Amino acid sequence: MSEKEIVDKMTMNRALTRITYEIIERHKGIDDIVLIGIKTRGIYLANRIAERLKQLEGKEVPVGEIDITLYRDDNHEIKKDEPTINASDVPFSIENKEVILVDDVIFTGRTIRAALDAIMDLGRPDKISLAVLVDRGHRELPIRADYVGKNIPTSKSEQITVSVEEVDGSDRILIKNKN
């Protein structure tokens, strides 16, 4: 399997900064915004966006995390001896808030559909938006991101891997050819 770095740390930081500015511009303030990152890498990206929002707007934005494992449509059976996977942590109310869901890559849209189900189990926000670092195309569901760091068209035989410092030791985006 061949792999190539297509986005380095600096370019990744610029993409997250661009998303942050777009959030500020569209909302004319950040008072009713909460960020929820999808495990695993979406959480770290949501924290970085919240940090930039604080730097630019001088206000804290609540950040939560959801684990969508139990909501996926490709998990048809969960064995009784498996540990509980759902380790979501959203320590604030989403009622009357605009939730900005954050993930690293959008591909088919199935992860986002599962995340929407998980969020609706938490309450009824005024609005849900989607911020992704990478949109690689190939949607199977009618879902699109409101905020996109990079559009990276791919073939289905390619794979996008986002690395974040907090988990992987470096910030970068790789494209891998499965063939």
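From a predicted model like this one, the values you see are computed outputs, not experimental measurements.

Conventions we followed
- Residues numbered from 1 in each chain as written.
- Predicted model: local features only at pLDDT ≥ 70, side-chain atom pairs only at ≥ 80, totals over all residues.
- Heavy atoms only, no water.
- UniProt positions renumbered as here; feature names shortened; annotations may be inferred.
- Helix = DSSP H or I, 4+ residues; strand = E, 2+ residues; numbered from the N terminus.
- Core = buried A, V, L, I, M, F, W, Y, C linked by side-chain atoms within 4.5 Å.
- Buried < 20%, exposed > 50% of the residue type's maximum accessible area, 1.4 Å probe, protein only.
- Contact = heavy atoms within 4.5 Å.
- Pairing = 2+ DSSP bridges.
- Right-handed = clockwise from strand over helix to strand, strands pointing away.

S.K.: Describe the UniProt feature "short sequence motif: PRPP-binding" (unreviewed entry) in the protein, and please don't skip the residues or the numbers.
M.R.: According to UniProt, the feature "short sequence motif: PRPP-binding" (unreviewed entry) maps to residues 99-111 in the numbering used here. Secondary structure over residues 99-111 splits into 15% helix and 62% strand, and the C-alpha atoms at its two ends are 16 Å apart.

S.K.: I'd like a description of the nonpolar core, backed by residues and values.
M.R.: The nonpolar side chains of a soluble globular protein tend to be buried, and buried together. Within the largest apolar cluster, 29 residues are counted, with the highest numbers of intra-cluster contacts made by L35, L133, V162 and I173. For this core, the secondary-structure elements that each account for two or more residues are α1 (9-27), β2 (33-38), α2 (41-57), β4 (98-106), β5 (127-135), β7 (158-163) and β8 (172-177). The greatest single-element share of this core, amounting to 6 residues, is contributed by α1. Ignoring sequence-local partners within four residues, the contact set of I173 consists of K4, E5, I6, V7, M12, L133, V134, I152, I160, T161 and V162. In this structure, I94, A115, A118 and V132 belong to the second largest nonpolar core, which totals 20 residues.

S.K.: Any chance you could break down the pairing of β4 for me, citing the residues and the numbers?
M.R.: The buried fraction of β4 amounts to 9 of the 9 residues, a majority that puts the element mostly inside the structure. The pairing of β2 with β4 spans 5 bridges and is parallel. Paired with G37 across the two strands is V102, which belongs to β4. Alignment of β4 against β5, held across 8 bridges, turns out to be parallel. Within β5, the position partnered with I106 by the bridge is D135. Taken together, β4, helix α3 (residues 110-122) and β5 constitute a β-α-β crossover, and its handedness is right-handed.

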